[in-house]
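Take a look at the letters that make up each chain.
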Amino acid sequence: QVQLVESGGGSVQAGDSVRLSCAVSGGTFSAYAMGWFRHIPGKEREFVAAISWSGGNPYYEDSVKGRFAMSRDNAKKTVYLQMNSLKPEDTAVYYCAAGEARLDMVVVSSRGYKYWGQGTQVTVSS
């Protein structure tokens, strides 16, 4: 069974930084495309960032580009999302996702991910 567990969320002020972690167990992590999504109340779950097997070509949603950085450590089976210059509109539940990709490429659609964590809350106050 593949399990993903997010951690690192909390309540911060605008301009602060937070690093989220996602620990993966029960699968072949090095062959997974990994992604971060977020859910704002009243809206659909939306894409935030994605990274391929190698971690060399992360891709970001426009609103977080230049502020967020995604990385992965295949030896530790962990993926990270470094979030800098946080804004109130970043407030959401952040979810980690894993997809059984057969190519070393980023996956930006939620339909491309089979396994999901339960989420971690990030609240940004002005």
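The rules behind the values
Residues numbered from 1 in each chain as written. Predicted model: local features only at pLDDT ≥ 70, side-chain atom pairs only at ≥ 80, totals over all residues. Heavy atoms only, no water. Helix = DSSP H or I, 4+ residues; strand = E, 2+ residues; numbered from the N terminus. Buried < 20%, exposed > 50% of the residue type's maximum accessible area, 1.4 Å probe, protein only. Contact = heavy atoms within 4.5 Å. Areas by Shrake-Rupley, 256 points an atom, 1.4 Å probe, with all protein chains shown as cover. Lys, Arg positive; Asp, Glu negative; His and termini not counted. Charge placed at Lys NZ, Arg CZ, Asp CG, Glu CD. Core = buried A, V, L, I, M, F, W, Y, C linked by side-chain atoms within 4.5 Å. Pairing = 2+ DSSP bridges. Axes fitted to C-alpha atoms, helices over the stretch in contact; angles between N-to-C directions. Phe/Tyr/Trp six-rings, centres within 6.5 Å; stacked < 30°, edge-to-face > 60°. Lys NZ or Arg CZ within 6 Å of the ring centre and 35° of its normal.

## Overview of the overall build of the chain
In terms of regular secondary structure, the chain is built from 0 helices and 11 strands. Moving toward the C terminus, one meets the helices and strands of the chain in the order β-β-β-β-β-β-β-β-β-β-β. Projected onto the principal axes, the alpha-carbon positions of the chain cover approximately 40 × 25 × 25 Å. A burial count over the chain gives 41% of its 126 residues as buried. Within the chain, contacts between residues at least 6 apart in sequence are counted, and of these 60% link residues at least 24 apart. Only carbon and sulfur atoms are counted for the fraction: they give 47% of the accessible area of the chain, which is about 6500 Å². Counting 13 positive and 11 negative side-chain charges, the chain places the averaged centre of each group 5 Å from the other.

## Topic: the nonpolar core
Taken as a class, soluble globular proteins show a tendency for nonpolar side chains to be buried jointly. Within the largest apolar cluster, 30 residues are counted, with the highest numbers of intra-cluster contacts made by Leu4, Met34, Trp36, Met70, Leu81, Met83 and Tyr94. Among the secondary structure elements, those contributing two or more residues to this core are β3 (18-25), β4 (33-39), β5 (46-51), β7 (68-73), β8 (78-83), β9 (92-99) and β11 (120-125). Aside from chain neighbours lying at most four places away, what touches tyrosine 94 is Glu6, Leu20, Trp36, Phe37, Arg38, Val48, Phe68, Leu81, Met83, Gly119, Thr120 and Val122.

## Things to note about the sheet that holds β3
Reading across the sheet, the 4 strands line up as β1-β3-β8-β7 and stay open at both edges, with antiparallel pairing between neighbours. Only two strands of the sheet have a single neighbouring strand rather than two, namely β1 (3-7) and β7. The mean inter-strand angle of the sheet, taken between neighbouring strand axes irrespective of direction, is 15 degrees. Note: β3 against β8, 6 bridges, orientation antiparallel. By the bridge assignment, valine 18 is partnered in β8 with methionine 83.

## Examining the packing of aromatic side chains
Under the defined criterion, the tally for this structure stands at 6 aromatic pairs. Arranged with centres 5.4 Å apart and planes meeting at 80 degrees, the rings of phenylalanine 37 and tyrosine 113 form a pair that is edge-to-face. In this pair, phenylalanine 37 is assigned in strand β4 and tyrosine 113 in the loop between β9 and β10 (115-116), connecting sequence segments 76 residues apart. For phenylalanine 37, a relative accessible area of 2% gives the class buried. The buried category is assigned to tyrosine 113, whose relative accessible area is 6%. Here the aromatic cluster, defined as three or more aromatic residues joined through ring pairs, consists of Phe37, Phe47, Tyr59, Tyr113 and Trp116. Directly above the ring of tyrosine 95 sits arginine 45, whose terminal nitrogen or CZ lies 4.0 Å from the centroid. In this structure, arginine 45 packs its charged tip against the face of tryptophan 116, placed 4.6 Å from the ring centre.

## Concerning unusual backbone geometry
As a rule of thumb, non-glycine residues mostly have phi less than zero, and peptide bonds are mostly trans rather than cis. If you check the backbone angles, lysine 77 has positive phi at about 55 degrees while not being a glycine. Residue position: lysine 77 is located in the loop between β7 and β8. A residue is classified by how much of its surface remains accessible, and lysine 77, at 36% relative accessible area, is partly exposed. In the Ramachandran plot, serine 85 falls in the positive-phi region, its phi being about 50 degrees despite a non-glycine side chain. Among the secondary structure elements, serine 85 is positioned in the loop between β8 and β9.

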